[in-house]
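Each chain, letter by letter, is given below.
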Amino acid sequence: DSNDSVAAGHLPFLIDVWDTDDDDGLPPNSQNSVTTIVQTRDGYLWFGTLNGLVRFDGRRFILLDESNTPGLNNSCIVSLFEDRTGRLWIGTRTSGVAFLKDGRVTSVGIGQGASASEKRLCAVGEDAAGAVWLHTADGQIWRYADDRYQVFVLDQDRPSDLRALVAESSGEVWGGSDARLANIRPDAAGGIEAR
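These figures come from a predicted structure and were not determined experimentally.

K.L.:
Give a detailed account of the overall build of the protein, specifying residues and quantitative values.
P.N.:
When helices and strands are counted, the protein shows one helix and 16 strands. Of all 195 residues assigned to the protein, the portion counted as buried reaches 43%. Nonlocal contacts in the protein, meaning residues at least 24 apart in sequence, comprise 32% of its contacts between residues at least 6 apart.

In structure tokens, the structure reads:
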């Protein structure tokens, strides 16, 4: 019975575990705290940790943090997303959102300011037209396209860690929270409207 072998721990997989105590493991400053993971098109694995962004090439872990990476203004990484152009979007706990492109980190000014921890990036996605949508803990949904940002404010009076976002191929974007569900869609005049 295949269930017996699974229950007994006989899975057809090999499991490797790395931590900061291993010579070839996670960088010591990462505190063994992985909060988010993404694999980019170039094959690298990226880990968000409480003390920086870690890149893994299959053999070595490299730590990028605020001390060695200009533009990364906070080392506590809470979300990662790669868009179709190869930008790696980085959400930090208290210094907002940045992206990594061609080895350079650029802060985008979203999620910063007073109560920055309530403005952190909770969900991110990309629509069929290539616009990137960013949903923050304070209820804002940002649309990034053609190097411009457009904001939609939803539930701003109710900060929440529970945020979800999905972009449909039709162009509609759904943003969910613990309070309600919002739909943002292209309108007949070529603009965007929220309901």
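K.L.:
I'd like to hear about the pattern of salt bridges, residue by residue, with values.
P.N.:
If you walk through the whole model with that rule in mind, you get four salt bridges. Measuring nitrogen to oxygen at the nearest pair gives 3.1 Å for the salt bridge that ties Glu-126 to Arg-84. Here Glu-126 is found in strand β9 (residues 121-126), whereas its partner Arg-84 is found in the loop between β5 (77-82) and β6 (88-92), with 42 residues between them in sequence. One continuous salt-bridge network, built from bridges that share partners, spans Asp-83, Arg-87 and Asp-147.

K.L.:
Any chance you could break down the sheet that holds strand β1 (residues 34-39) for me, citing the residues and the numbers?
P.N.:
Strand order in the open sheet formed by four strands is β1-β2-β3-β4, and the pairing between neighbours is antiparallel. Of all the strands in the sheet, just β1 and β4 (61-64) have a single pairing partner and so form its edges. Going from strand to strand, the sheet's axes swing by 20° on average, the running direction of each strand aside.

K.L.:
Could you give an account of the pairing of strand β12 (residues 148-153), naming the residues involved and the relevant values?
P.N.:
Where strand β11 (residues 140-145) and β12 come together, six bridges link them in antiparallel fashion. Residue Ile-141 lies in a different strand from β12, and its bridge partner there is Phe-152. Connecting β11 to the next strand, β12, in antiparallel fashion are two residues, including Asp-146 with a positive phi near 55°.

K.L.:
Describe the confidence of the model for the protein, with residues and values.
P.N.:
Taken residue by residue, the protein gives an average pLDDT of 81. The fraction at 70 or more is 75%. This model gives residues 1-6 a pLDDT under 50, and the stretch forms two contacts once residues within four places in sequence are excluded.

K.L.:
How would you explain the pairing of β9 if you had to name every residue and give the values?
P.N.:
Strand residues, when the strand is regular, have side chains that alternate between the two faces of the sheet. Here β9 lies mainly inside the structure; five of its six residues are buried. Both β9 and strand β10 (residues 132-136) contribute to a ladder of five bridges, which runs antiparallel. For Glu-126, the partnering residue across the bridge sits in β10 and is Val-132. The turn joining β9 and β10, which pair antiparallel and follow one another in sequence, is formed by five residues; a positive phi near 95° is taken by Gly-130.

K.L.:
Help me get a handle on the nonpolar core, residues and values and all.
P.N.:
Ranked by size, the top nonpolar core spans twelve residues in total: Phe-81, Trp-89, Val-97, Phe-99, Val-108, Ile-110, Leu-121, Val-124, Val-132, Leu-134, Trp-142 and Tyr-144. Ignoring sequence-local partners within four residues, the contact set of Trp-142 consists of Ile-110, Val-132, Trp-133, Leu-134, Thr-136, Tyr-149, Gln-150 and Val-151.

Conventions used here
Numbering of residues starts from 1 in every chain and runs along the sequence as written. Local features in a predicted model are, by the rule used here, given only for residues with pLDDT of at least 70; side-chain atom pairs are given and counted only at 80 or more, and totals for whole chains, interfaces and linings are based on all residues. Side-chain numbers come from the whole structure's heavy atoms, not from hydrogens or water. Strands are runs of DSSP state E lasting at least two residues, helices are runs of H or I lasting at least four, and both sets are numbered from the N terminus onward. Buried residues are those whose accessible area, probed at 1.4 Å on protein chains only, stays under 20% of the maximum for their type, while exposed residues exceed 50% and partly exposed ones sit between those limits. Contacts: residue pairs with any heavy atoms within 4.5 Å of one another. Take a side-chain nitrogen of Lys or Arg and a carboxyl oxygen of Asp or Glu: if they are within 4 Å of each other, that pair is a salt bridge. For two strands to be treated as a pair, DSSP must find no fewer than two bridges joining them. In this description, a line fitted to the C-alpha atoms serves as the axis of each element, helices being fitted only across the stretch in contact, and the angle between N-to-C directions of two axes falls anywhere from 0 to 180 degrees. For every residue, the predictor assigns a confidence score, pLDDT, that lies between 0 and 100. Throughout, nonpolar core names a set of buried Ala, Val, Leu, Ile, Met, Phe, Trp, Tyr and Cys residues whose side chains join them through atoms within 4.5 Å.

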